[in-house]
Amino acid sequence: MSEIEPQMDAEVGAPEDALIDAPIVHTAKIGAAQAGQRLDRALTALLNELSRSRLKTLVLAGHVAISGRTIRDPGHCVNAGDEVAVVVPAATPPVPRPENIPLAIIYEDADIIVIDKPRGLVVHPAAGNWTGTLVNALVSHCGTTLSGIGGVRRPGIVHRLDKDTTGLMVVAKNDRAHRALAAQFADHGRTGPLQRGYWAFVWGMPDRPKGVIDKPIDRHPQARDRMTVGAGGREAITLWEVLENYPATGQHGLLATGAKRGGSAPAVASLLDCRLKTGRTHQIRVHLASIGHPVLGDATYGAGFRTKMAHLSEAARTALVALSRQALHAYLLVIEHPGNGKEMVFRSDLPPELGRLRLALGNG
């Protein structure tokens, strides 16, 4: 991701990646052309980025001052030379409402809750997804056991998974746990036990049994909803290891990792174990696509590999079409408990739809 996420994991997205809104201050000097006009009308002419209705609202709310004196009357008559300051407050997210959404809870205590996230569940309310999110579900489930994050009764999200990536997530239930977990994810396991493991079904067969992808990741310059590798991006490191190789149609049986392949055609797909050493948005998906092995079913980063479906068996094609998402699952999460310091290991089996895909791929 979230992988991501830190506030946003690679399949999710990290606290260092999060944007913190801050108030914006606009200043203007009333000219001769605006002298004698209403304050809101004069400002509309001088501040093109704000509408008159928005400026009127800001005046009424006490966010406009002339020479340091707050003016709350939009009809106030301005004079030439008046120095006007308009403060646009930082945007504040709406308080998440509780929604009774079923959750697969792996572990819960007074500090944390670990869930096995299903496909299709957005982690945090945002534009286009203000309701029906994991946060809404957790507010409902935890109720008064949430002591508050930043003074608001809400769960503390320290990493994320993409909407259609399944698997393990840990969430803080109070400020103390939130700070401790955020520090672990920001450290990426360099000095602590944190581990994040993903199973990824990918197109093709890597030319070695294991490897490291060390490529910076940044926003795509043209498509802002996508990420890309590039020298100007932020550090991103993914470790991968081949678990299984799957033959093309007509070649039955799995190719074991490291097995001799003399004379045989390359496998059409493989199962990789990926470990995150950083937490960038879409990290695993972007990194694997960058080395020519995008995740199966990834419409964003693997669209160019759709023609390879012709090399799959009918059963595998059917399973992949039915999946209708990226074949990526967060199966391993190791953390240090934020309260007692105990190392905790959580594992998640492949969800049924990925289990069916694996079986169909292995049967050739």
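Up top is the structure these notes are about.
Please read these numbers as outputs of a predicted model, since none were measured by experiment. (Residues numbered from 1 in each chain as written. Predicted model: local features only at pLDDT ≥ 70, side-chain atom pairs only at ≥ 80, totals over all residues. Heavy atoms only, no water.)

The next subject is the side chain of D164. Tracing the backbone shows D164 in the loop between β7 (156-157) and β8 (166-172). Buried within the structure, D164 lacks any salt-bridge partner; R119 is the closest side chain of opposite charge, at an N-O distance of 4.0 Å. A distance of 3.2 Å separates a polar side-chain atom of D164 from the backbone nitrogen of G120. Setting aside its immediate chain neighbours within four residues, D164 contacts R119, G120, R325 and Q326. (Helix = DSSP H or I, 4+ residues; strand = E, 2+ residues; numbered from the N terminus. Buried < 20%, exposed > 50% of the residue type's maximum accessible area, 1.4 Å probe, protein only. Lys, Arg positive; Asp, Glu negative; His and termini not counted. Salt bridge = Lys/Arg side-chain N within 4 Å of Asp/Glu carboxyl O. Polar contact = N/O pair within 3.5 Å; in protein donor to acceptor, adjacent residues only side chain to side chain. Contact = heavy atoms within 4.5 Å.)

Overall, the coordinates contain three aromatic pairs when judged by the stated rule. With a centroid separation of 4.0 Å and 5 degrees between ring planes, the pair formed by W199 and Y331 is classed as stacked. You can see W199 sitting in strand β9 (residues 195-203) and its partner Y331 sitting in strand β15 (residues 328-336), a full 132 residues away along the chain. (Phe/Tyr/Trp six-rings, centres within 6.5 Å; stacked < 30°, edge-to-face > 60°.)

Attention now moves to the environment of V123. With respect to the helices and strands, the residue V123 is situated in the loop between β6 (112-117) and α3 (134-142). Sequence-wise, V123 and M169 are 46 residues apart; in three dimensions their C-alpha atoms are separated by 9.8 Å. If we ignore the near neighbours within four places in the chain, the residues touching V123 are K117, T133, L134, V135, I157, R160, L161 and M169.

With that settled, consider the sheet that holds strand β3 (residues 69-70). Strand order in the open sheet formed by four strands is β1-β4-β2-β3, with antiparallel pairing between adjacent strands. Of all strands in the sheet, those bounded by a partner on one side alone are β1 (24-29) and β3. Looking at chain direction, strand β2 (residues 64-66) and strand β4 (residues 83-88) are connected through three bridges and run antiparallel. In the strand pairing of β4, V64 is matched with V86. Contacts from helix α2 (residues 52-60) reach β2 and β4, with the element oriented near 95 degrees to β4. (Pairing = 2+ DSSP bridges. Axes fitted to C-alpha atoms, helices over the stretch in contact; angles between N-to-C directions.)

As a further point, take the nonpolar core. By size, the foremost hydrophobic cluster in this structure holds 47 residues, and its most contacted members are F201, L288, L296, L357 and L361. Beyond its immediate sequence surroundings of up to four residues, L361 is in contact with F201, Y246, P247, A269, L296, L312 and A316. L47, L50, V78 and V84 belong to the second-largest nonpolar core, a separate cluster that totals 17 residues. (Core = buried A, V, L, I, M, F, W, Y, C linked by side-chain atoms within 4.5 Å.)

Okay, the pattern of salt bridges next. In the structure shown here, the tally under the stated rule is 11 salt bridges. E244 is paired through a salt bridge with R358; the nearest N and O atoms lie 2.4 Å apart. Of this pair, E244 sits in strand β13 (residues 237-246) while R358 is found in helix α7 (residues 352-362), placing the two residues 114 residues apart along the sequence. Its relative accessible area of 12% is what places E244 among the buried residues. Each of R38, D40 and R52 takes part in salt bridges that share partners, so that together they form one network.

What follows deals with unusual backbone geometry. A positive phi angle, close to 50 degrees, is found at S67, a residue other than glycine. In this structure, S67 sits in the loop between β2 and β3. A positive phi angle is found at H282, which is not glycine, with a value near 60 degrees. Since its relative accessible area comes to 12%, H282 is described here as buried.

What follows is about the environment of K277. Its location among the elements puts K277 in the loop between β14 (269-276) and α5 (283-290). A residue is classified by how much of its surface remains accessible, and K277, at 36% relative accessible area, is partly exposed. Along the chain, K277 and A236 lie 41 residues apart, while their C-alpha atoms are 7.3 Å from each other.

Inspection of the secondary structure puts L55 in helix α2. Residue classification places L55 among the buried residues on the basis of a relative accessible area of 0%. Expressed as a C-alpha distance, the spacing of L55 and V86, which sit 31 residues apart in the sequence, is 8.3 Å. Apart from residues no more than four positions distant in its own chain, L55 is found in contact with D40, L43, T44, L47, L50 and V86.

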